[in-house]
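One-letter residues, chain by chain:
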Amino acid sequence: MKDSVVDRNLELVASVMRFILDQPQVLDRLPADFRLVLLPDDDPELSRYNFDLLAEQAEQEQPVVFVRLKSHPLNLKVRPPQVYIPVPV
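What counts, and where the lines are drawn
Residues numbered from 1 in each chain as written. Predicted model: local features only at pLDDT ≥ 70, side-chain atom pairs only at ≥ 80, totals over all residues. Heavy atoms only, no water. Helix = DSSP H or I, 4+ residues; strand = E, 2+ residues; numbered from the N terminus. Contact = heavy atoms within 4.5 Å. Core = buried A, V, L, I, M, F, W, Y, C linked by side-chain atoms within 4.5 Å. Buried < 20%, exposed > 50% of the residue type's maximum accessible area, 1.4 Å probe, protein only. Salt bridge = Lys/Arg side-chain N within 4 Å of Asp/Glu carboxyl O. 1 Å grid on protein atoms, 1.4 Å probe; cavity = no way out; pocket = protein on both sides within 12 Å on 5 of 7 lines; lining within 4 Å. Points joined across faces, edges and corners; volume = space filled by probe spheres on them. Nonpolar A, V, L, I, M, F, W, Y, C, P; charged D, E, K, R; others polar.

1. Some details on the environment of valine 64
- Tracing the sequence through the fold places valine 64 in strand E2 (residues 64-69).
- Residues valine 64 and proline 31, spaced 33 residues apart in sequence, show a C-alpha to C-alpha distance of 8.8 Å.
- The residues contacting valine 64, other than those within four sequence positions of it, are Arg35, Val37, Leu54, Tyr84, Ile85 and Pro86.

2. With respect to the nonpolar core
- Among the nonpolar cores identified, the biggest contains 13 residues, and Leu12, Val16, Ile20, Val26, Leu38, Val67 and Leu69 are the most heavily contacted of them.
- Of all the secondary structure elements, the ones that give two or more residues to this core are helix H1 (2-22), helix H2 (44-56) and E2.
- Top element by residues in this core is H1. It accounts for five residues.
- Beyond its immediate stretch of four places on either side in the chain, leucine 38 contacts Asn9, Leu12, Val13, Val16, Asn50, Val67 and Leu69.
- Among the nonpolar cores identified, the runner-up in size contains five residues, and Val37, Leu54, Val64 and Phe66 belong to it.

3. Observations regarding the pattern of salt bridges
- Across all of its chains, the model carries four salt bridges by this definition.
- The salt bridge involving arginine 8 is made with aspartate 43; its shortest N-O contact spans 2.7 Å. Here arginine 8, found in helix H1, pairs with aspartate 43, found in the loop between strand E1 (35-40) and H2; they are 35 residues apart in sequence, far enough to count as distant.
- For arginine 8, a relative accessible area of 22% gives the class partly exposed.
- The shortest N-O distance in the salt bridge between aspartate 41 and arginine 68 comes to 2.9 Å.

4. Some words on empty space enclosed by the protein
- Taken as a whole and assessed by the stated rule, the structure comprises one cavity of 30 Å³ or more.
- Val16, Phe19, Ile20, Val26, Leu30, Leu36, Val65, Val67, Pro81 and Val83 together form the lining of the largest cavity.
- Within the residue set of the lining of the largest cavity, elements represented by two or more residues are H1 and E2.
- With three residues, the single largest contributor to the lining of the largest cavity is H1.
- Its residues assigned to classes, the lining of the largest cavity shows 10 nonpolar, no polar and no charged.

This is the structure:
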């Protein structure tokens, strides 16, 4: 299972990075140093795995950026990801 989850994560990270390179203004809204958590709406196993990784790294003080996206079909030009930055209250 872990290998397939890692492979799916790598594919999504590469796609999100390509999206950001094509749309550099996205970086203007993001913190300078952050942890990226990908949450594919159509892959609950991968979303859960990524949340578990985040929980394991809870001691890190970097801001977290959540990215919701559809991974099937993966076309971020047609359906761009939704980027969320939690705001401390």
